[in-house]
Amino acid sequence: MSSEHVDVLIVGAGVSGIGCAYHLQTEAPSKSYMILEAREATGGTWDLFTYPGIRSDSDLHTFGYAFKPWRDEKSIADGPAILEYIRETARENGIEQHIRTGHRVTGASWSTADARWTAQVALADGTEKTITCDWLFVAGGYYRYDQGFMPDFPGLSDFQGTIIHPQHWPEDLDYEGKNVVVIGSGATAMTIVPAMAKEGAAHVTMLQRSPSYVASVPQRDPIANWLRGKLPEARAYAITRRKNIAQQRIVYSLAQRHPKLVRRLLTAGVKKQLPEGYDVATHFNPRYNPWDQRLCAVPDGDLFKAIKKGGASIVTDTIERFTADGIQLSSGEHLPADIIISATGLNLLAFGGVQLTVDDTPVRLNDHLVYKGMMLSDVPNFAFAIGYTNSSWTLKVDLVCEHLTRMLGYMDRFGHDIAAPHALDPNMETRPLLDFAAGYVQRSLQEFPRQGVRQPWSMAMSYAADIKTLRNGPVNDPELRFSAATGKRDPDTEPERAVAA
């Protein structure tokens, strides 16, 4: 197998991977890097998902990169616009030339003697190769791209219509004049329902086992658009970004401190959007507190408008079984359907399924702790990007990448080859990595590393806290061990070394 070498190998060419590449180029310009993408296209989530209405549920002034202003008038943007934004970032900054698509990293082995990783890479043509690197950065998020979660519904094979999971949306689906049932109550379902109702479906029913919190948000940010006309672009973007970060923090903090008040406010907001007498208590009153799961934002109240116009409806019930022409509910009601969409969530996959080995010992993720929300205990020169569950994903990723480049600079200054977090208290209490009640998270947490109950081992879900730790806090830490390589590399067998951008 052929091999080559880079200072930093990035796994994943989505929003996180391209963001990491930008930070490396600008803050650690002496470092070479490569991005490997398993799929045949860049963009990650925003290239994969193509269902009707696909959009972000975070505003693009905070979901967008800190270094690249979001220029569209729509703050809540659709998938194609976000995909173009990510790809434009790669084009403008010369990142494209460092991306190799159709390269799936299946495993990576660390050698302490050599202070380097050897990544095993499967190519789209069926061949394999290895690539070595000083640092491995996994930027693939935490869910499986090739398979969504599909419950084993009773009578599933009896249904004579079309069954679709949103993660695998067919290009040629014709739903004009059809009765559609969308199973689920999360952001995906609430996106698909109004979009299909608007685009010609006879009727779209959102079938939910239990409700979610929903809030109508303006698709356009009037303050952002006003500032853009008054100030230089970068300045206007920075102000809007700070404003929206503050709004997110206030809403989340209020929900944590006064959940009953926020519940009442959200319920009142829904009542204003729906016809008089609509059963809000049944369909929009969750069993959990606000922000125990992610809040669903609907731009300009499009879901409520679809319900008011009669093109969509919500049914809160459980499924008894599928029938030949629809779904039989536990209440006795039957929902007729030509198309059933199972918006039932994701399957999680830690680190893109990359199997890690350290000095010939396989890494069992559940035995390791996260360090500063970006590294793993006793796994050297390895970092990853997992964004916030209570705010915009990219806010966290930007800070992680900043801290990584600071760490690389620190190691160069002091002659270190290896950085490995190590918990000084082996008996520290731990808890799951993601403190999030969503079903798709709870199903797979045992396959992920854990977090501790104190810094630097807790997974902060606070942008303000991460600013202190990742942007302004020191790199050096008693629980981060630095060292030099112990082995000698043979120059005659050294792989070809890539040149930094």
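Right, let's walk through the structure included here. These numbers come from a predicted model, not from an experiment.

What follows deals with the overall build of the chain. For the chain, the count of helices and strands is 13 helices and 28 strands. Taking 23 Å as the expected radius of gyration for a compact globule of 501 residues, we find that the chain reaches 24 Å, a close match to that expectation. Along the longest, intermediate and shortest principal axes, the C-alpha atoms of the chain span 75 × 55 × 50 Å. A burial count over the chain gives 54% of its 501 residues as buried. Surface summary for the chain: the accessible area is close to 21800 Å², and the carbon and sulfur share equals 49%.

Here we take up a nonpolar patch on the surface. Together, Leu254, Leu261 and Leu265 give the surface a local cluster of nonpolar side chains, amounting to about 240 Å² of exposed area. Its location among the elements puts leucine 265 in helix α8 (residues 259-273). Taking relative accessible area as the criterion, leucine 265 reaches 52% and is therefore assigned exposed.

Empty space among the atoms becomes visible once a probe the size of a water molecule is rolled across them. Scanning the entire structure with this criterion turns up one cavity of 30 Å³ or more. Here the largest cavity defines a volume of roughly 50 Å³. Forming the boundary of the largest cavity are His61, Pro69, Trp70, Ala224, Arg228, Glu233, Ala236, Tyr237 and Thr240. Elements with a minimum of two residues in the lining of the largest cavity: α6 (222-230) and α7 (233-257). Grouping the constituent residues of the lining of the largest cavity by class yields five nonpolar, two polar and two charged.

This part is about the pairing of strand β10 (residues 203-208). For β10, the buried fraction is high: five of the six residues fall into the buried class. Across five bridges, strand β9 (residues 179-183) lies against β10 in parallel orientation. Counted as the bridge partner of valine 182 is methionine 206 from β10. Taken together, β9, helix α5 (residues 187-198) and β10 constitute a β-α-β crossover, and its handedness is right-handed. Where β10 and strand β13 (residues 312-316) come together, five bridges link them in parallel fashion. The residue bridging valine 204 from the neighbouring strand is alanine 312, located in β13.

Calculation rules
Residues numbered from 1 in each chain as written. Predicted model: local features only at pLDDT ≥ 70, side-chain atom pairs only at ≥ 80, totals over all residues. Heavy atoms only, no water. Helix = DSSP H or I, 4+ residues; strand = E, 2+ residues; numbered from the N terminus. Rg over C-alpha atoms; globule rule 2.2 N^0.38 Å. Buried < 20%, exposed > 50% of the residue type's maximum accessible area, 1.4 Å probe, protein only. Areas by Shrake-Rupley, 256 points an atom, 1.4 Å probe, with all protein chains shown as cover. Patch = residues over 30% accessible without salt bridge, like charges linked within 9 Å, V, L, I, M, F, W, Y side chains within 5 Å. Salt bridge = Lys/Arg side-chain N within 4 Å of Asp/Glu carboxyl O. 1 Å grid on protein atoms, 1.4 Å probe; cavity = no way out; pocket = protein on both sides within 12 Å on 5 of 7 lines; lining within 4 Å. Points joined across faces, edges and corners; volume = space filled by probe spheres on them. Nonpolar A, V, L, I, M, F, W, Y, C, P; charged D, E, K, R; others polar. Pairing = 2+ DSSP bridges. Right-handed = clockwise from strand over helix to strand, strands pointing away.

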